[in-house]
Amino acid sequence: MVIPTALLAARVTIEGYLGDGGYGPTWAAPTVDVPARVEGRRRITRDQTGREVISAATVYLRPDVTVAVDDRITIDGRTYMVAEVVDAAGLHGVSHREVILR
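Heads up: these notes are all about the structure in this document.

Reading the values: the criteria
Counting from 1, residues in each chain are numbered in the order their sequence is written. Note on the predicted model: pLDDT of at least 70 is required for a residue's local features to be given, and 80 or more for side-chain atom pairs to be given and counted; whole-chain, interface and lining totals, by contrast, use all residues. Computation of side-chain values covers all heavy atoms of the structure but excludes hydrogens and water. Here the aromatic set is Phe, Tyr and Trp, taking the six-membered ring for Trp, and pairing holds for ring centres within 6.5 Å; pairs whose planes are under 30 degrees apart are stacked, those over 60 apart are edge-to-face, and all others are tilted. A positively charged side chain is recorded as over a ring if its NZ (Lys) or CZ (Arg) lies within 6 Å of the ring centre. The angle to the ring normal must also be within 35 degrees. Two strands qualify as a pair provided that DSSP identifies no fewer than 2 bridges between them. Secondary structure counts use DSSP, requiring at least four H or I residues in a row for a helix and at least two E residues in a row for a strand, with both numbered from the N terminus. Just to be clear on terms, a salt bridge is a Lys or Arg side-chain nitrogen sitting within 4 Å of an Asp or Glu carboxyl oxygen. The cut-offs for exposure are 20% and 50% of the maximum accessible area for each residue type, with area from a 1.4 Å probe on protein chains only; residues under the lower value are buried, those over the upper are exposed, and the others partly exposed. Residues enter a nonpolar core if they are buried and are Ala, Val, Leu, Ile, Met, Phe, Trp, Tyr or Cys, with the set joined through side-chain atoms within 4.5 Å. Note on definitions: a residue-residue contact is assigned when non-hydrogen atoms from the two residues lie within 4.5 Å.

Right, let's talk about the packing of aromatic side chains for a bit. For the structure on display, the rule yields 1 aromatic pair. The ring of Y60 carries R37 above its face, with NZ or CZ at 5.2 Å from the centroid.

Here we come to the pairing of strand β3 (residues 24–27). Pairing of strand β2 (residues 17–21) with β3 involves 4 bridges; the strand directions are antiparallel. Its bridge partner lying in β3, G21 is registered against G24. Linkage of β2 to β3, two consecutive antiparallel strands, is achieved through a turn of 2 residues.

Opposite charge on two side chains permits them to pair, given that their charged atoms come into close proximity. A full pass over the atoms with the stated rule returns 5 salt bridges. Across the pair D70 and R102 runs a salt bridge whose closest N-O atoms are separated by 3.5 Å. Here D70, found in the loop between β7 (57–61) and β8 (72–75), pairs with R102, found in the segment after β10 (93–101); they are 32 residues apart in sequence, far enough to count as distant. Classification of D70 as partly exposed rests on a relative accessible area of 24%. A salt bridge links D87 to R97; its shortest N-O distance comes to 2.6 Å. Here R97 lies in strand β10 and D87 lies in strand β9 (residues 78–90), a separation of 10 residues in the sequence. D87 sits in the partly exposed class, given a relative accessible area of 41%.

One finds V12, I14, L61, I73, V99 and L101 to be the most contacted residues of the largest nonpolar core, which totals 16 residues. Taken together, the elements giving at least two residues each to this core come down to β1 (10–15), β4 (31–39), β7, β8, β9 and β10. Among the elements that line this core, the one with the most residues is β7, at 3 residues. Contacts of L61, omitting those with residues within four sequence positions, involve I3, V12, I14, V34, P35, A36, V67, H96, R97 and V99.

The structure is reproduced here in structure tokens:
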């Protein structure tokens, strides 16, 4: 069962990381008004390299939303970097995505 949209009361903006250019990092055009649930609590997690990082928030998204490590997510005017993306499995496949922000 997929997470119900009614539980996703917040709206976030997602910008996909495209890589480094001549002037620094570049991102794709923003996807705005993406339904999400935001929990602003800190926790210790590990990034792709295994290094411990302190996350600033966790965002829950529908499983059809495309997001990856190093993308940018803006919540209420504040921009965060994606540290980790976890697909949470339910009884019938992926129910939602947990996105850990730093």
